[in-house]
Each structure stands twice: as C-alpha cells, then as structure tokens.
Amino acid sequence: MSEIKRLRQERGLSRDELAALSGISSLTIRAHELATVNGTETKTAEAIAHALGVPVHALFFPSDINKSEKIGYSENGVGV
C-alpha cells in the first residue's frame, strides 16, 4: 500500500498526524506503507481514506487524484 505513503506525504502529514486524523495507529499505517500486512480491513481502509480525503480505491490503485479532487464526507461517513 505504498499509495498511503505517497498520499500522506503529498498532504504534508507525518504518520503520527495521519494516525490522529484516522484513528488508526501509526504502527498500522507504517505496516501498510511498507506492505508488511496481507490485506486490509475495510474499516481501516475507510478511516485512512477519509483522513486523506480520497476514495478508498485510491489507497490501492495509483491514480491522478490530486488535492482539488478531494471528496467530502457527511457526518455518517458517506462520500458526498
């Protein structure tokens, strides 16, 4: 999941900052960035994507998503 690292760095966030925004531990984020995990729980991917302001698929597939294409979320976590 090296896309997490790319997206995180693109936004100027440290692992600890992304952890605080997503509610996912910085160790888990590190493991995903280094691809030392086999798979990702849906709730983990959703939390990280939400904190980065991208759709979940952007964590898995490189794309041309840039800061101007960030998605918004309603209070219930649904993309808008």
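Residues numbered from 1 in each chain as written. Predicted model: local features only at pLDDT ≥ 70, side-chain atom pairs only at ≥ 80, totals over all residues. Heavy atoms only, no water.

Trainee: What's the story with helix H4 (residues 42-52) in this structure? I'm lost.
Mentor: Three- or four-residue spacings in an α-helix give side chains the same orientation, since the helix completes a turn every 3.6 residues. Every buried residue belonging to H4 is among Thr 44, Ala 45, Ala 47, Ile 48, Ala 49, Ala 51 and Leu 52, and all of these are buried. Where H4 is buried, its residues contact helix H1 (2-10), helix H2 (15-22) and helix H3 (26-33). Gly 53 sits one or two residues past H4 and shows a positive phi near 75°. (Buried < 20%, exposed > 50% of the residue type's maximum accessible area, 1.4 Å probe, protein only. Helix = DSSP H or I, 4+ residues; strand = E, 2+ residues; numbered from the N terminus. Contact = heavy atoms within 4.5 Å.)

Trainee: Help me out: how do you make sense of the environment of Pro 62 in this one?
Mentor: The topology assignment puts Pro 62 in the segment after H4. Overall, the relative accessible area of 63% leaves Pro 62 in the exposed class. It is 9.5 Å that separates the C-alpha atoms of Pro 62 and Arg 6, two residues lying 56 residues apart in sequence.

Trainee: Explain the nonpolar core to me, please; I cannot follow it from the model alone.
Mentor: General note: in soluble globular proteins, nonpolar side chains tend to be found buried as a group. One finds Ile 4, Leu 18, Ile 29, Ile 48, Leu 52, Val 54 and Leu 59 to be the most contacted residues of the largest nonpolar core, which totals 16 residues. Sort the elements by how many residues they give to this core and H4 lands first, with 6 residues. Ignoring sequence-local partners within four residues, the contact set of Leu 18 consists of Ile 4, Arg 8, Leu 13, Ile 29, Ile 48, Ala 51 and Leu 52. (Core = buried A, V, L, I, M, F, W, Y, C linked by side-chain atoms within 4.5 Å.)

Trainee: In this structure, what is going on with the packing of H2 against H3? I would like to understand it.
Mentor: Helix-helix packing: each pair is described by the crossing angle between the helix axes and the interaxial distance. One can describe the packing of H2 onto H3 by two numbers: an axis separation of 8 Å at closest approach and a directional angle of 115°. Relative to H3, the element H2 lies roughly perpendicular. Remark: the crossing between H2 and H3 carries right-handed chirality. On H3, the residues touching Arg 15, Asp 16, Leu 18, Ala 19 and Ser 22 of H2 are Ser 26, Ile 29, Arg 30 and Glu 33. (Axes fitted to C-alpha atoms, helices over the stretch in contact; angles between N-to-C directions. Parallel < 35°, antiparallel > 145°, perpendicular 65-115°, else oblique. Left-handed = near helix turned anticlockwise from the far one by under 90°.)

Trainee: Before we go on, may I ask you to explain the pattern of salt bridges in this structure?
Mentor: Opposite charge on two side chains lets them pair, provided their charged atoms get close. On inspection of all chains with the given rule, the structure shows 5 salt bridges. Linking Arg 8 and Glu 33 is a salt bridge whose minimum nitrogen-to-oxygen distance equals 2.6 Å. Of this pair, Arg 8 sits in helix H1 while Glu 33 sits in helix H3; the two residues are 25 residues apart in sequence, bridging distant segments of the chain. Side by side, Arg 8 and Glu 33 carry an identical accessibility label, which is buried. Among the charged side chains, a network of salt bridges with common partners joins Glu 3, Arg 6, Glu 10 and Arg 11. (Salt bridge = Lys/Arg side-chain N within 4 Å of Asp/Glu carboxyl O.)

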